[in-house]
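Single-letter residue listing:
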Amino acid sequence: MVDIIDGALFQRMVIHGSASINAQKQAINDLNVFPVPDGDTGTNMSLTIGTAAAEAKKKPNQSIGKAASVNASALLRGARGNSGVILSLLFRGVSKGLKEKDEADGIAFAAALNEGVSAAYKAVMKPAEGTILTVSRLAAAKGAETAAEHNSVEAVLEAAITEGQIALADTINQNPVLKKAGVVDAGGKGFLCILQGMLDELRGIPAPEEENDALPVKESADFAALTDEEITFTFDTVFIVRKTMNKSIEPFRAYLNSIGDSLVIGEDDEAFKVHVHTDIPGAALSEAQKYGTLELAKIENMRTQYEDMAAGKKPQSTDDLDQIEADLEAQEAREEDTVAAPEKKFGVVAVSAGEGMASVFRDLGVDGVISGGQTMNPSTEDILREIARTPAEVVFVLPNNKNIIMAAQQCVGLVEGKEIVVIPTRTVPQGISAMLVLDTEADTEANAAAMEEARKNVHTSEITYAARDSDFDGFEIHEGDYMALAEGQLFGTDRAIDGLLERLAKADSQQNAEFISIFYGEDVTEEQANGALDIFQKQCPNAEITLLSGGQPVYYYMISAE
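No experiment lies behind these values; they were computed from the predicted model shown.

**Q** Describe the overall build of the chain, with residues and values.
**A** The secondary structure content of the chain amounts to 21 helices and 18 strands. Looking at the chain as a whole, 51% of its 562 residues are labelled buried. Long-range pairs, those at least 24 residues apart, make up 72% of the contacts in the chain between residues at least 6 apart in sequence. Taken as a whole, the chain presents about 25,200 Å² of accessible surface, with 48% of it coming from carbon and sulfur.

Pasting the structure below:
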């Protein structure tokens with residue numbers, strides 16, 4: 001039984017916890033009740049603690065107080081989504097409880113866990129039962145009770161996890177939505193998964209292997225087996241695409257075969273990975289984006305590599321970019337540490353997905369646009385970086401997604417010399433309306449109030465697709481169905497998108513609107529978008545309707561009504 005831990009062991013526990021949730025993130029994602037494709041709980045929590053694990057690997061500390069502090073700082077900056085922010089708050093409290101300690105016994109560790117729970121509860125405006133907060137609170141309380149009888153960190157963790165599992169099972173009874181779906185809380189499950197990894201480290205149980213590419217396809221050409229005559233196509237091209245829709249990639253496979261050879265495609269439920277030899281890698285990458293979000297690409301010229309080998313030289317490779325990339329990262333880090341001097345009173349940072357949406361924000365005067373949204377929640381650090389670059393005394397932040405608001409709020413007070421004001425916009429149309437009322441002649445409080453009022457006056461509807469089968473709020477939803485959302489709530493589903501558009505156009509929010517803006521996404525053709533415009537013009541004859549190319553992923557249409 002491990003009774004006392006130091007900083008080095010605590011860091012190994014965090015690394016193990018990160019590996020544990022990474023291995024189970026999809027199972028945790030599958031607990032999400034609402035079937036819309038989004039930045040799911042398992043993914044967000046895994047990415048959040050992954051930043052702390054990476055930091056722990058780089059900066060080992062013997063003092064547990066120092067190790068916990070570094071861990072909390074990394075988690076804060078890496079926090080993604082509401083679940084990731086709450087996880088960072090739990091560990092921030094742990095850091096506070098372990099401050100200035102060289103080691104921690106069971107009593108100290110249990111007290112730190114409870115300090116974490118207190119920090120998380122204080123930060124959440126309306127704490128709800130049947131969530132990660134409930135699970136962490138009951139688990140920490142049991143840990144403290146156990147520590148009083150058996151002053152051992154291992155005993156505390158074991159008791160906390162056992163009690164946490166009981167609390168997790170009960171979340172299905174505390175939350176009506178979970179009960180109807182027949183699942184437990186995803187955030188609570190993720191938290192216990194991390195604690196279990198930490199306990200496994202104490203017990204010497206090996207951590208799950210870190211994910212390599214889950215889609216094992218050939219990484220690069222075997223030049224030793226080639227002659228120059230055998231190189232039919234010039235560029236060895238490897239890339240990964242994260243799926244954002246339920247769409248067969250067989251047409252893409254046929255396309256790649258038509259422009260190249262040596263084609264290998266590995267596919268799983270979340271992504272596919274391609275290896276192909278082609279003369280037009282750019283065309284392959286552009287076509288790939290019709291099937292999802294491009295995440296990684298590597299392109300190498302096989303002819304020049306073969307010539308180098310034939311001349312007895314080391315062939316150039318993308319691997320040679322590692323040092324260059326490291327140098328660039330170091331330079332960026334130095335630049336990020338420098339806060340832009342204020343050149344004006346107000347600046348704005350907005351989160352948005354799609355070049356069309358980004359252009360709208362830039363045209364309205366936004367200083368920095370962070371690429372992100374439903375399937376890609378930016379971290380607190382991503383938001384901080386853009387705030388620091390904004391040359392203004394006061395920086396307004398428009399998260400434009402309910403799952404990004406908490407991450408944005410963590411930035412307040414973290415950039416010296418800048419006042420940060422988060423306007424809790426839940427959709428991109430709300431962010432656009434908030435931006436329209438910003439008055440450079442008014443004071444900060446007046447602007448904040450006006451932007452808040454403007455966002456509240458916008459009604460947002462969206463059309464996306466179902467990422468999984470679900471029975472939700474009286475709707476029987478099947479994977480691939482079109483889904484209409486109104487203010488984030490399920491409005492209806494259909495196998496035909498035009499039917500949903502017509503139903504949305506007839507809804508009160510559109511019928512009573514003076515102005516309607518329709519932003520169409522990257523998977524919608526101009527002809528289809530004009531068809532949507534026709535539907536709204538017929539159903540909403542009294543409204544002024546504007547059609548704009550948003551280029552956003554995931555959502556076929558975003559519709560704002562004012």
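**Q** Which residues make up the packing of aromatic side chains, and what are the values?
**A** In total, this model carries six aromatic pairs according to the counting rule given. Centre to centre, the rings of Phe239 and Phe252 are 6.4 Å apart; their planes meet at 55 degrees, and the pair counts as tilted. Remark: Phe252 occurs in helix α10 (residues 250-259) and Phe239 occurs in strand β3 (residues 235-243); sequence separation between them is 13 residues. Like Phe252, Phe239 is buried. Between Phe346 and Phe396, the ring centres sit 5.6 Å apart and the planes meet at 35 degrees, which makes this aromatic pair tilted.

**Q** Give a detailed account of the sheet that holds β3, specifying residues and quantitative values.
**A** An order of β4-β5-β3-β6 is seen for the four strands of this open sheet, with the pairing classed as antiparallel. Edge strands, defined here as strands with exactly one partner in the open sheet, are β4 (260-267) and β6 (292-301). Direction aside, neighbouring strands of the sheet carry axes that sit 15 degrees apart on average. Across eight bridges, the pairing between β3 and strand β5 (residues 271-278) is antiparallel. Considered in β5, the bridge of Thr237 is made with Val276. The strands touched by helix α11 (residues 281-288) within the sheet are β3, β5 and β6, with β3 carrying the most contacts at an inclination of about 10 degrees.

**Q** Please provide a residue-by-residue account of the side chain of Gln510, values included.
**A** Within the secondary structure layout, Gln510 lies in helix α20 (residues 508-511). Using a relative accessible area of 1% as the deciding quantity, one classes Gln510 as buried. Only 3.2 Å separates the side chain of Gln510 from the side chain of Ser509, close enough to count as a polar contact. When residues no more than four places from it in sequence are discounted, the contact partners of Gln510 are His459, Ser461, Leu504, Ala505, Ile516, Phe536, Cys540 and Ala561.

**Q** Give me the lowdown on the sheet that holds strand β16 (residues 515-520), citing residues and values where you can.
**A** Sheet architecture is open: six strands sit in the order β15-β14-β11-β18-β16-β17, paired in mixed fashion. Across the chains shown, the open sheet's two edge strands, defined by having one partner strand only, are β15 (489-494) and β17 (544-549). If you compare each strand with its neighbour and ignore which way they point, the axes differ by 15 degrees on average. Looking at chain direction, strand β14 (residues 482-486) and β15 are connected through five bridges and run antiparallel. Note that in β15 the partner of Ala486 across the bridge is Gln489.

**Q** So what's going on with the packing of helix α6 (residues 132-149) against helix α9 (residues 186-202)? Residues and values would help.
**A** Direction vectors running N to C along α6 and α9 enclose 40 degrees, while the axes themselves pass 7 Å from each other. As summarised for this structure, α6 and α9 are arranged oblique, according to the angle between their axes. Taken together, the residues of α9 that come into contact with α6 (itself represented by Ile132, Val135 and Ser136) are Gly187, Gly188, Phe191 and Leu192. Residues of the contact of α6 with α9, tallied by class, amount to four nonpolar, three polar and no charged.

**Q** An account of α6 is requested, with residue identities and associated values reported.
**A** With 18 residues, α6 extends 26 Å from end C-alpha to end C-alpha; this agrees with the ideal 26 Å at 1.5 Å per step. Those residues of α6 that sit buried are Ile132, Leu133, Thr134, Val135, Ser136, Ala139, Ala140, Gly143, Thr146 and Ala147. Elements in contact with the buried residues of α6: α2 (41-58), α4 (81-97), α5 (106-123), α7 (153-174) and α9.

**Q** Describe the nonpolar core, with residues and values.
**A** If you look at the biggest cluster of nonpolar residues, it comprises 73 residues, and the most contacted ones within it are Ile5, Phe10, Phe109, Met198, Ile383 and Ile387. Sort the elements by how many residues they give to this core and α9 lands first, with nine residues. With sequence-adjacent residues up to four places away left out, Ile383 is seen in contact with Ile370, Val397, Ile404, Ala407, Ala408 and Cys411. Val360, Val366, Phe396 and Leu438 belong to the second-largest nonpolar core, a separate cluster that totals 30 residues.

**Q** Can you break down the pattern of salt bridges residue by residue, with the values?
**A** Pairing between side chains becomes possible if they bear opposite charge and their charged atoms approach one another. This model, assessed by the stated rule, comprises 20 salt bridges. The salt bridge partner of Lys345 is Glu393, with a shortest N-O separation of 3.7 Å. On the criterion of sequence distance, the pair formed by Lys345 in strand β7 (residues 344-352) and Glu393 in strand β9 (residues 392-398) is long-range, its members being 48 residues apart. Assessed through its relative accessible area of 39%, Lys345 is described here as partly exposed. By relative accessible area, which is 38% here, Glu393 ends up partly exposed. Where Lys456 meets Glu452, a salt bridge forms, and the shortest distance between an N and an O atom there is 3.7 Å. Taken together, the positions of Lys456 and Glu452, both in helix α18 (residues 444-456) and four residues apart, correspond to about one turn of that helix. Owing to a relative accessible area of 53%, Lys456 belongs among the exposed residues under this scheme. Put simply, Arg80, Asp382 and Arg385 are held in one network by salt bridges that share partners.

**Q** Explain empty space enclosed by the protein to me, and be specific about the residues and the numbers.
**A** Counted under the stated rule, the structure contains two cavities of 30 Å³ or more. The space that makes up the largest cavity amounts to roughly 100 Å³. As for the largest cavity, its lining consists of Leu90, Phe91, Val94, Leu113, Gly116, Val117, Ser136, Ala139, Ala140, Ala160, Phe191 and Leu195. Secondary structure elements with two or more residues in the lining of the largest cavity: α4, α5, α6 and α9. Each residue belonging to the lining of the largest cavity can be placed in one class, and the counts come to 10 nonpolar, two polar and no charged.

**Q** For unusual backbone geometry, give the residues involved together with the corresponding values.
**A** Even without being a glycine, Asn400 presents a positive backbone phi close to 60 degrees. Tracing the sequence through the fold places Asn400 in the loop between β9 and α16 (405-409). Here the phi dihedral of Val554 falls at roughly 75 degrees; this positive angle occurs in a residue that is not glycine. Counting through the fold element by element, Val554 comes out in the loop between β17 and β18 (557-561). Take Val554: its relative accessible area is 4%, and that puts it in the buried class.

Conventions we followed
Note that residues are indexed from 1 along each chain, following the sequence as it is written. Totals for whole chains, interfaces and linings use all residues, but because this is a predicted model, local features are given only for residues with pLDDT of at least 70 and pairs of side-chain atoms are given and counted only at 80 or more. Computation of side-chain values: all heavy atoms of the structure, hydrogens and water removed. Going along the chain from the N terminus, every DSSP run of H or I of four or more residues is numbered as a helix, and every run of E of two or more is numbered as a strand. Summary of the burial criterion: residues with accessible area below 20% of their type's maximum are buried, those above 50% are exposed, and those between are partly exposed, where the area comes from a 1.4 Å probe applied to protein chains only. We call two residues contacting when some pair of their heavy atoms lies within 4.5 Å. Note that accessible areas follow from Shrake-Rupley with a 1.4 Å probe, and for residues the cover is restricted to the protein chains shown. Within 6.5 Å between ring centres, the rings of Phe, Tyr and Trp (the latter by its six-membered ring) count as paired, and their orientation is classed by plane angle as stacked under 30 degrees, edge-to-face over 60, tilted in between. Note on pairing: DSSP must find at least two bridges between two strands before they are called paired. Whenever a helix is involved, its axis is fitted only over the stretch in contact; in every case the axis is a line through C-alpha atoms, and angles between N-to-C directions fall within 0 to 180 degrees. Here a polar contact is taken to be a pair of N or O atoms separated by no more than 3.5 Å, where protein atoms must pair a possible hydrogen donor with a possible acceptor and residues adjacent in sequence count only if both atoms sit in side chains. Roughly parallel means an angle under 35 degrees; roughly antiparallel, over 145; roughly perpendicular, 65 to 115; everything else is oblique. Each residue gets one of three labels, nonpolar for Ala, Val, Leu, Ile, Met, Phe, Trp, Tyr, Cys and Pro, charged for Asp, Glu, Lys and Arg, and polar for the others, Gly among them. A helix is expected to reach a length of 1.5 Å times the quantity of its residues less one. Here the nonpolar core consists of buried residues drawn from Ala, Val, Leu, Ile, Met, Phe, Trp, Tyr and Cys, with membership extended through side-chain atoms lying within 4.5 Å. Whenever a carboxyl oxygen of Asp or Glu lies within 4 Å of a side-chain nitrogen of Lys or Arg, that contact is scored as a salt bridge. Of the grid points, spaced at 1 Å and generated over the protein atoms alone, those admitting a 1.4 Å probe that cannot get out make up cavities, while open sets with protein on both sides within 12 Å along at least five of seven lines make up pockets; any residue with an atom within 4 Å of a point is treated as lining. Grid points are joined across faces, edges and corners, and a volume is the space filled by probe spheres set on the points.

Scope: geometric values only; no functional claims are made or implied.
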